[in-house]
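Residues per chain, in single letters:
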Amino acid sequence: TRSGRDDLLVRQIERAWPNLFRQAQLIPAVEYIRANRVRTLLMKEMEEKIQNIDVYVTPSFAEDNLALTNLTGHPAVVLPNGFRTSDGTPTSINFIGRLFGERELLSVAQTYQQATDFHLKRPPIERFLNEMAR
């Protein structure tokens, strides 16, 4: 951001990363430290909620699981999970683990991927050609 290279990033709409990076420069240090303290509390609370769960599975865009794991640091793996029948859009599934539970998480995700063939499939070529034409 300080070098101005975030102007080179493609998406420049309001909530895109370049603009969030620019806005983050304006956060005072005191607010940043306060937010990290709250983040630590959230990490502890999430870990307490899933203390008896090694891995949980959720659709990728259900609720705010991805945002939550980005904030708390809980590991997550996103894998292909087929295609929507209505338009052929690829879908995905999240596997979310406990803090420092990457071994268990990756084992479950690998088992799922080995039991399915979604990672080998591609969207219909018509969908790709329609996207390219836009």
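Structure's up top.
S.K.: Describe in detail the overall build of the chain, supporting the description with residues and values.
M.R.: Along the backbone of the chain there are five helices and three strands. Helices (α) and strands (β) of the chain occur, in sequence order from the N terminus, as α-α-β-α-β-β-α-α. A compact globule built from 134 residues would reach a C-alpha radius of gyration of about 14 Å, whereas the chain, at 19 Å, exceeds it by more than 25%. Buried positions account for 22% of the 134 residues belonging to the chain. Taking the contacts inside the chain whose residues are at least 6 apart along the sequence as the reference set, 55% of them involve residues at least 24 apart. Accessible surface, the chain as shown: approximately 10300 Å² in total, 57% of it carbon and sulfur. Each charge class in the chain can be summarised by its mean position, and for the 17 positive and 16 negative side chains these summaries are 4 Å apart.

S.K.: An account of the packing of aromatic side chains is needed here, citing residue identities and associated values.
M.R.: For the structure on display, the rule yields one aromatic pair. Ring centres 5.3 Å apart and planes at 55° place the aromatic pair Phe-95 and Tyr-112 in the tilted group. With a gap of 17 residues between them, Phe-95 in strand 3 (residues 90-97) and Tyr-112 in helix 4 (residues 102-115) connect regions that are remote in the sequence. Phe-95 sits in the buried class, given a relative accessible area of 3%.

S.K.: An account of the pattern of salt bridges is requested, with residue identities and associated values reported.
M.R.: Close approach of charged atoms lets side chains of opposite charge pair. Applying the stated criterion across every chain yields a total of four salt bridges. Of the charged contacts in the structure, one is a salt bridge between Arg-34 and Glu-31, with a shortest N-O distance of 2.9 Å. In this pair, Arg-34 and Glu-31 are both assigned in helix 2 (residues 29-49), three residues apart and thus about one turn of the helix distant. Exposure remark for Arg-34: the relative accessible area of 45% places this residue in the partly exposed category. For Arg-103, the salt bridge is made with Glu-104, and the minimal N-O distance between the two is 3.6 Å.

S.K.: How would you sum up helix 3 (residues 65-72)? Please name residues and give values.
M.R.: Along helix 3, the positions that sit buried rather than exposed are Asn-65, Thr-69 and Thr-72. Relative to the axis of helix 3, the buried residues are bounded by an arc of 75° and lie together on one face. Contacts from the buried residues of helix 3 go to helix 2, strand 1 (55-59), strand 2 (76-83) and strand 3. Looking at the residues trailing helix 3, positive phi occurs at Gly-73, about 85°.

S.K.: Describe a nonpolar patch on the surface, naming the residues involved and giving the relevant values.
M.R.: A cluster of nonpolar side chains, namely Leu-9, Trp-17 and Phe-21, defines an oily patch on the protein surface of about 330 Å² accessible area. Tracing the backbone shows Leu-9 in the segment before helix 1 (17-24). Residue Leu-9 is classed as partly exposed on the basis of its relative accessible area of 39%.

S.K.: Quick rundown of the pairing of strand 2? Include the residues and the values.
M.R.: Within a regular strand, the side chains alternate between the two sheet faces. Taken together, the six bridges between strand 2 and strand 3 define a ladder with antiparallel strand orientation. Considered in strand 3, the bridge of Pro-80 is made with Ser-92. Here strand 2 folds back onto strand 3, and the loop between the two strands holds six residues, one of which, Gly-88, carries a positive phi near 80°.

Thresholds applied
Residues numbered from 1 in each chain as written. Predicted model: local features only at pLDDT ≥ 70, side-chain atom pairs only at ≥ 80, totals over all residues. Heavy atoms only, no water. Helix = DSSP H or I, 4+ residues; strand = E, 2+ residues; numbered from the N terminus. Rg over C-alpha atoms; globule rule 2.2 N^0.38 Å. Buried < 20%, exposed > 50% of the residue type's maximum accessible area, 1.4 Å probe, protein only. Contact = heavy atoms within 4.5 Å. Areas by Shrake-Rupley, 256 points an atom, 1.4 Å probe, with all protein chains shown as cover. Lys, Arg positive; Asp, Glu negative; His and termini not counted. Charge placed at Lys NZ, Arg CZ, Asp CG, Glu CD. Phe/Tyr/Trp six-rings, centres within 6.5 Å; stacked < 30°, edge-to-face > 60°. Salt bridge = Lys/Arg side-chain N within 4 Å of Asp/Glu carboxyl O. Arc of directions from axis to C-beta. Patch = residues over 30% accessible without salt bridge, like charges linked within 9 Å, V, L, I, M, F, W, Y side chains within 5 Å. Pairing = 2+ DSSP bridges.

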